[in-house]
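# An overview of the molecular structure
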Amino acid sequence: MTEVIDHHVLVLPVDDGSGSWPDAVLQRLFNPSDPAVPAGERSTVADFWSDTTGGAIRIRGTVRPRAILPAADPDWTVVRDQVQGNRTPALAQVVRKALLAIGSSIPAGVDTVLVWAALPAHRDFASSTPVEIVPGCSVTICHVSTHSSHFTICHEIGHTLGYPHPFGLTSTDPQGRPESEYGSPHCIMGGARRSVTRRVPAWVTAPAPSPLAALWDEGGPRLSNASRLGLILERLRLAGWIPVPGLMPDWITLADELDGHHSIAAFDGPAGLPRAIAFRIEPGWLVVELRRPGSSAGFDWDAGLGLAAGDVDTHEAAGLVVHHVAAVLDLDATDQQIRDGSAWRHNRPIFQGTVPVPLGARQSLDVDAGSARFTLTSYDPVAGTAGFSVQRFPGRPSARLMVTENTVTSAYPRVGAGRYDVGGTTERCVVSSFEGFWQDEDRRVGWQAHATGFEAPEFAWRVAGVQVGGWKGQAATAEANLAHTIEVDVDVPTGPGRSTRERQRITVRASTAWNGLSLDLAPPRSYVMRDGQGRVRIPVEVFVREPGDAVHRASARGLVEVETRRLVFGVDLQQARAACQNAMTGMFRRLYEIEPEIFEGTVRVSEVVRGPDWGLAEVARLREWFDQVPKLRLAAEELPVGQQVLQLKKLGRQRLDPR
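Residues numbered from 1 in each chain as written. Predicted model: local features only at pLDDT ≥ 70, side-chain atom pairs only at ≥ 80, totals over all residues. Heavy atoms only, no water.

### Brief notes about the sheet that holds strand 10 (residues 252-255)
Ordered in space as 10-12-13-14-15, the five strands form an open sheet in which the pairing is mixed. In this open sheet, the two edge strands, each paired with only one partner strand, are strand 10 and strand 15 (344-356). Ignoring which end each strand starts from, the neighbouring axes of this sheet average 25° apart. Of the pairings in the sheet, the one linking strand 10 to strand 12 (residues 276-280) comprises four bridges and is parallel in character. (Pairing = 2+ DSSP bridges. Helix = DSSP H or I, 4+ residues; strand = E, 2+ residues; numbered from the N terminus. Axes fitted to C-alpha atoms, helices over the stretch in contact; angles between N-to-C directions.)

Rendered as structure tokens:
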């Protein structure tokens, strides 16, 4: 028996008075389609959640009149601009103000308030736990934009239903750091920067540009059965593992042994076969499901699954999909949270891979968790069924990736050096200068792959999702200096210690030779930037196979930071004696220990050191300050090193705010 959940969503349109959209579209979007609508066109948000859970989740929506808030509202400013941190309290305030503006309240029985906003915001988000809006009324809340896609709306509604992000494939967080959240391409709660969505039929024809134009661009994929099981297990854990009647559904089979032959059906397959099989391992569960395009039951949410020409992995393929449901450590947790156990995110789905259908050269998937090998033995695309065997294996081929080079090939100073006398540093170092300037840099980055468990490994490379070169054995001819356009995450500086992530296209030149890859970044001055450029983060994947294999047997992934524009500082010593050099280096190192935000790194004589990333506005202030204060006396007489550090510390603060 499967538990049925009725979920009532109150849709609260909010803008600054300039937005407009058909209210009838919103009413339809958050309610089930009329029975007269053909099955293949039943594609509302309510339809999605009903279809993807076999009718277990039933969404209905109530749309309120539009509320008008000024774009400069302080709570909306937090919702709009804040990238990290908890924006839920500010959104709750927006909900309260919007309800007051239209003279409305939250009806009894509402589970979620969804702010449908024409006001700009950095990104959509949702709360997974209820928030008290007024005394005695707590609901989950979420924010979506009139420029959001069907995928995004369903994703945020998923959070209000309690579904977290799956882990697995590595992407990057808003600061460009590697992370494995959003890590499953086979789940509406994932994505992993791999598009497996499909276009949704538009219900209205609106003149372009329409405020709802983005809505039809992306829909699906379905909710993975691993995510469904993970939420069920989490509810059981929070209940102290006391059985909850009707909580464990009939669409999944639980297996205690990781062996044997099994049959499984897709979501629209024949009755009598499970839609998922979960194998108990230590720790957690390995969950297997069959996913494929084509649906006889309604709108085809998985139509985007499949392999493109030239793909060197099978992550987005239709086929047997395997997730590991287990606890994941929060990498941002404190030592105390790790000690008390609160750092663990329990029962999270972690994508492991796919055995593609139809049957081909690769019919098995090795999963490290549980040392399990899943082998596809049969597949019926018409019936939507598959057979597979599972067994433990002693080991498997593996690959690892290491950065061998990350160097500056040429540099382009942008702002004339401003010099500051720091004379009197020591008795052996009478006069020296301190300077800072903005600099662009060309970079060369190199990687080398290592593989074990292969007789004659062949390698293929992918940079930011773009394949560079083809499969190469040890005797293959190298390919050099081939231009590729890639899309990467760039931390664009917006102020001292602050930056925002942008998705930008840049040109690189790649050279590949068997197990080696080298990238030359085109001069940053040729890029088209809005607010300058800071750190570029380049994800790289290598795939390894034996000659004759259709697909890879092992892979490895890495992410490297490339500084292509930075604010740099240095020292120019007029008396370049060893004692003087050592004294200045020690002073700057001590300054770094005390105030690391002023300098990141150590200083060597006549070289530059990376400082805080600044935007163009800060660079303009720096240049203005250089012009106004050509020389700043740090010390009129010889000072102890400790006082020198304090003087430099003061200079750093003045540099950030010269007024």
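### A short note on the pattern of salt bridges
Inspection of the entire model under this criterion finds 17 salt bridges. Close ionic contact of Asp75 with Lys97 constitutes a salt bridge, the shortest N to O distance being 2.6 Å. One end of the pair, Asp75, is in helix 3 (residues 74-81); the other, Lys97, is in helix 4 (residues 88-101), with 22 residues separating them in the sequence. The class of Asp75 is buried, set by a relative accessible area of 17%. Residue Lys97 is classed as partly exposed on the basis of its relative accessible area of 24%. Among the salt bridges present, the one from Glu541 reaches Arg462, with a minimum N-O distance of 3.0 Å. (Salt bridge = Lys/Arg side-chain N within 4 Å of Asp/Glu carboxyl O. Buried < 20%, exposed > 50% of the residue type's maximum accessible area, 1.4 Å probe, protein only.)

### Notes on the nonpolar core
Of all hydrophobic cores here, the largest spans 34 residues; its most connected members are Phe30, Trp49, Leu114 and Trp116. Excluding its chain neighbours within four sequence positions, the residues that come into contact with Phe30 are Val11, Val45, Ala46, Ile59, Arg60, Gly61, Leu114, Trp116 and Ile153. If you look at the next biggest cluster of nonpolar residues, it comprises 28 residues, including Trp461, Ile506, Ala510 and Leu521. (Core = buried A, V, L, I, M, F, W, Y, C linked by side-chain atoms within 4.5 Å. Contact = heavy atoms within 4.5 Å.)

### Brief notes about the packing of aromatic side chains
Each aromatic ring pair is summarised here by two numbers: the centre-to-centre distance and the angle between the ring planes. This model, assessed by the stated rule, comprises nine aromatic pairs. Above the face of the Phe125 ring, Arg87 is positioned so that its terminal group lies 4.0 Å from the ring centre. Across from the ring centre of Phe267, 3.6 Å away, lies the NZ or CZ of Arg222, which sits over that ring. (Phe/Tyr/Trp six-rings, centres within 6.5 Å; stacked < 30°, edge-to-face > 60°. Lys NZ or Arg CZ within 6 Å of the ring centre and 35° of its normal.)

In short, the description is geometric, and any link to function would need to be established separately.
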